[in-house]
Amino acid sequence: MSQTHFPSVNEQMDLIRRGAVEIIPEEELVQKIEKSIKSGKPLNIKLGCDPSRPDLHIGHSVVLRKLAQFQQLGHQAILIIGDFTGMIGDPSGRNSTRPALTLEQTRINGESYFQQASKILDKNKTKIVYNSEWLGKMTFEDVIKLASKYTVARMLERDDFTKRYKAGEPISIHEFLYPLAQAMDSVAIQSDVELGGTDQKFNLLVGRDIQREYGVEPQVILTMPLLVGTDGIEKMSKSYDNYIGISDPPEQIFGRTMSIPDTLIYTYFELATNVSNERLKEIKAALEDGKTNPRDLKRELARTLVAMYYDEAAAIKAQEEFDKIFIKKEIPDEIEEFNIEENQEINILDLLLLVNFAPSKGEAKRLVQQGGVSIDGEKVSDVHQNINIKSGMILKVGKRKFLKLTKKGK
């Protein structure tokens, strides 16, 4: 088999360091890369995937992009779908255990994860494995031997365990097995480098220790920051509704990107896009000079993200749609229609419930009172207002929700 040609150590390290929070220990990574170049053998780069979240957003893309960079450098990307560990439930960064899943659920979610991750990774050069392949074969004796290689004191050093222990909150024994099981993944695939968010640091370090115990050369760990969501406060998460989904429609990716605070523009460019380091320096300078309107850079960011997950044509179209709605205050070209009886009178709150623009009357009332509801461009501010339905009416809720009311049977 022909040897792989790798870029120089300095070239590799320049790309690997981009956006990384910690490389532990960096000198070991340099040695591994030097050895890899001499032998022509790629390094095994491991990323464990949480199968409880099948829908990926650009927060997940941060670490996936780092894995893709290792692929570009000629190394072997290995995605480990935690179908077995998903049945344990990981409490990392939480004050309680994440709910456990069935093996079937983890498999379905894992497949969905891989399909979406393929928008970022080179699908043909990514090795995908399920950790039930080795963890499912371990006997109780094997588990006891594994557990004997780590102490409770060390385990309680983990931040979330420490807080719960001090607060007198319960910690189940099986939770201690999660980092050990994740560490066995590193032993099984002989991982050279493991990637993860900063909230995974403890688990990744356990991997180094357990590899040593099993006679495997310890992995280097590389942590990436947790991307702050569009609200500028919490980490990006579907539960906070502050996310930009990588499978969202182009208009939604563009619109949500335009809603981020100016303080996040540089971070998003650095962690969520492929722009060059030179362009990053220019963006940083432009944000600091006070002459550049941050909105122009935000538009560039939104176009870049749409083009990455779709194409340039979709990015341009999404920008045009955004300008039409938010700058020119026009109505988008394509609007969903809702069939309704013409000439009937209906209370505005009932109308919002009928067309599924609000889940409850309380929420509908809040939307109206906040000035977020209009019909044919006229704001509706009275929650008691009755609407005389006419075919062709345009109902708008918030900044992005439009609906055309059409005559039943039309």
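Only a predicted model underlies this, so the values are computations on that prediction, with no experimental measurement involved. (Residues numbered from 1 in each chain as written. Predicted model: local features only at pLDDT ≥ 70, side-chain atom pairs only at ≥ 80, totals over all residues. Heavy atoms only, no water.)

S.K.: Quick rundown of the UniProt feature "domain: RNA-binding S4" (unreviewed entry) in the protein? Include the residues and the values.
M.R.: Per the UniProt entry, the sites bearing "domain: RNA-binding S4" (unreviewed entry) are residues 347-406 in this numbering. End C-alpha atoms of residues 347-406 are separated by 17 Å, and the span's content is 27% helix alongside 32% strand. (UniProt positions renumbered as here; feature names shortened; annotations may be inferred. Helix = DSSP H or I, 4+ residues; strand = E, 2+ residues; numbered from the N terminus.)

S.K.: Would you mind going over the sheet that holds strand β3 (residues 76-81) in detail, with residue names and values included?
M.R.: In space, the six strands of this open sheet follow the order β1-β6-β5-β2-β3-β4, with mixed pairing throughout. Where the open sheet ends on each side, the last strands, each with one partner, are β1 (22-24) and β4 (126-130). Taking each pair of neighbouring strands and ignoring which way they run, the sheet shows an average axis angle of 25°. Bridge count for β1 against strand β6 (residues 220-224) is three bridges, and the pairing is antiparallel. (Pairing = 2+ DSSP bridges. Axes fitted to C-alpha atoms, helices over the stretch in contact; angles between N-to-C directions.)

S.K.: Go over the sheet that holds strand β7 (residues 337-340), please, and point to the residues and values.
M.R.: One key point about sheets: their strands pair by backbone hydrogen bonds, in either a parallel or an antiparallel sense. Pairing is mixed in the open sheet, where five strands are placed in the order β7-β13-β12-β9-β10. In the strand order of this sheet, the two ends are held by β7 and β10 (378-379), each with one partner. One ladder, built from two bridges, connects strand β9 (residues 373-375) with β10; its direction is antiparallel. Among the inter-strand pairings, S374 is bridged to a residue of β10, identified as K379.

S.K.: Which residues make up the environment of K38, and what are the values?
M.R.: With respect to the element layout, K38 can be found in helix α2 (residues 26-39). Since its relative accessible area comes to 75%, K38 is described here as exposed. Separated by 248 residues in sequence, K38 and A286 place their C-alpha atoms 42 Å apart. (Buried < 20%, exposed > 50% of the residue type's maximum accessible area, 1.4 Å probe, protein only.)

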